[in-house]
Amino acid sequence: MPNAKGRRLRRCAASTAALVLGAGALAACGSSDHDGAAGSGPVSLTYWTWTPGMDKVADLWNKGPGKRDRITVTVKKQASGDTLVTKILTAHKAGKAPDLVQAEYQALPTLVSNDALADISEDVGDAKGKFAEGVWQQTTLGTDAVYAVPQDIGPMMFYYRADLFRKYGLTVPTTWDEFAATARKLKKAAPDVDLTTFSANDSGLFAGLAQQAGARWWTTSGDTWKVAVDDAATRKVAGFWGGLVKEGAVDNQPMYTPAWNKALNTGKQIAWVSAVWAPGTLTTAAPDTRGKWAMAPLPQWSEGENVTGSWGGSSTAVTTDSRHRDAAAKFAAWLNTDGDALNALAKEGGVYPASTSAQLSGAFTTPPAYFADQPDFYTLAARIAKTTAPSAWGPNVNVAYTSFKDNFGAAAKNKSDFGAALKAMQADTVADMEKQGFEVAQ
């Protein structure tokens, strides 16, 4: 993206909401003028978020010392994902978006391209040091602007049944080649047991694996977008998993189903490539195996590498409709860097903080109950989080994700060519961008 403060990606329409908002490719847009400076008088802000218990966290601010310069924040609970993006864009079109919104990192380009988010670099720029470089980069979109403050992250890691690894004589893989060898060794020792499954019902998993391999699906040069969903890094990931599925070394069934839960709970699947939030899912999916799992870094593509992908995570952004942008930015920075606020976010919302200092304090000084036998769980998680690779999101992530589910879902079910599925995902993404009026390099 252009390395100039305040420049924003623009387009003819938002893919998520199909709202016509004006033409253009890359252009400066929106005014940086705003009023309602923090401390100049009573200010009332509205915050749209899906995080549980956020109203209790906001109360810490509202009732804090000096009542935080007479800035009051009211939380309005919302749905997450594309539903919230659509609602934000609809409200923005009418000039009635809230002051603050919670936004997943992959949604930021869509919101920025529609001039819905303000550049708050002048108000929160000094917060940069609180976050890993790869995390902070997701809120700048590669520019000098800052469009949000990181809130939570989902660094990826490897979860495995420690007891069953011992039973089958398996070693925790440190490379993806070792991972494949481990899957095959297990199949030979226990034909009715799978190391894990390739699932196409959560696009974020595949995106995170591609990110770890070095993929950059969307980039820009001047006014032109380049879409590289089928780049060499992603082809490597697709070929790896497609090969394992085709030979039957891993399962091909989707996650989050009763059958998947049962497989985890009964030891028919003994590992899961997931993220830092996995303990909560495992607590529900495999309650009978509590205390039997362990966590390790994600396998690497080359021996000696140390990098992970990200699966999930969100930020706090200030909208261009806000009449109190600096006050809103002040709250966004406090929410995601203040120790008391971050402890409350962890307690009330189960949030794993993007702030590096918070990852080793408060709620994260003891392991999750499900991993009580791994006292260094959060120490290891914090080290892994620092190795998060940079991401490159674009303005129609939702289209790419839908295409992934359709094409990879069919390929996994039929054990057919993952490379063809990836080409279809690339073609669908490019076609949508061109339809929406973007200039896309061929």
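So, here's what we can say about the structure.

Cut-offs applied
Residues numbered from 1 in each chain as written. Predicted model: local features only at pLDDT ≥ 70, side-chain atom pairs only at ≥ 80, totals over all residues. Heavy atoms only, no water. Helix = DSSP H or I, 4+ residues; strand = E, 2+ residues; numbered from the N terminus. Buried < 20%, exposed > 50% of the residue type's maximum accessible area, 1.4 Å probe, protein only. Contact = heavy atoms within 4.5 Å. Areas by Shrake-Rupley, 256 points an atom, 1.4 Å probe, with all protein chains shown as cover. 1 Å grid on protein atoms, 1.4 Å probe; cavity = no way out; pocket = protein on both sides within 12 Å on 5 of 7 lines; lining within 4 Å. Points joined across faces, edges and corners; volume = space filled by probe spheres on them. Nonpolar A, V, L, I, M, F, W, Y, C, P; charged D, E, K, R; others polar. Core = buried A, V, L, I, M, F, W, Y, C linked by side-chain atoms within 4.5 Å. Pairing = 2+ DSSP bridges. Salt bridge = Lys/Arg side-chain N within 4 Å of Asp/Glu carboxyl O.

A separate point is the overall build of the protein chain. A tally of helices and strands in the protein chain yields 17 helices and 13 strands. Every one of the 442 residues in the protein chain was classed for burial, and the buried ones make up 58%. Restricting the contact set of the protein chain to residue pairs at least 6 apart, pairs at least 24 apart contribute 75%. Only carbon and sulfur atoms are counted for the fraction: they give 49% of the accessible area of the protein chain, which is about 17300 Å².

A few words now on empty space enclosed by the protein. For the structure on display, the rule yields four cavities of 30 Å³ or more. Estimates place the volume of the largest cavity at around 80 Å³. In terms of lining residues, the largest cavity is bounded by Ala207, Ala210, Gln211, Ala215, Trp217, Ser391, Ala392 and Trp393. Here the residues of the lining of the largest cavity are counted per class, giving six nonpolar, two polar and no charged.

Ranked by internal contacts, the top residues of the largest apolar core, which has 147 residues, are Phe198, Trp217, Trp241, Val273 and Phe408. The element contributing the most residues to this core is helix H13 (residues 325-337), with eight residues. Excluding anything up to four places from it in sequence, Phe408 contacts Phe198, Ala200, Phe206, Ala238, Ser403, Phe418, Ala421, Leu422 and Met425.

Attention shifts here to the pairing of strand S12 (residues 293-297). Here is the key point about a regular strand: its side chains alternate between the two faces of the sheet. With four of five residues buried, S12 is to be regarded as a mostly interior element. The pairing of strand S8 (residues 149-161) with S12 spans five bridges and is classified as antiparallel. The residue bridging Tyr160 from the neighbouring strand is Ala294, located in S12.

Here we take up helix H9 (residues 203-213). Of all eleven residues that make up H9, eleven are buried, and the element is covered over most of its length. All buried positions along H9 are accounted for by Ser203, Gly204, Leu205, Phe206, Ala207, Gly208, Leu209, Ala210, Gln211, Gln212 and Ala213. Downstream of H9 by one or two residues, Gly214 has phi in the positive range, about 105 degrees.

This part covers the environment of Met156. Of note, Met156 is situated in strand S8. Measuring from C-alpha to C-alpha, the distance between Met156 and Pro297 comes to 7.8 Å, with 141 residues separating the pair along the chain. The contacts of Met156, once residues within four sequence positions are left out, are Leu205, Gly208, Leu209, Val273, Ser274, Ala275, Leu298, Thr308, Gly309, Ser310, Trp311 and Ile384.

Examined against the element boundaries, Gly349 turns out to sit in helix H14 (residues 339-349). Residues Gly349 and Met54 lie 295 residues apart in sequence; the distance between their C-alpha atoms is 7.0 Å. Filtering out sequence-adjacent residues up to four positions away, Gly349 remains in contact with Thr51, Pro52 and Ala344.

Take the pattern of salt bridges next. Throughout the structure, instances matching the rule amount to five salt bridges. Between Asp192 and Lys268 there is a salt bridge whose closest N-O contact spans 2.9 Å. Taken together, the residues Asp192 in the loop between helix H8 (176-189) and H9 and Lys268 in the loop between helix H11 (258-266) and strand S11 (271-275) connect sequence positions 76 residues apart. The class for Lys268 is partly exposed, based on a relative accessible area of 36%.

Everything listed is a geometric property; what it means functionally is a separate question.
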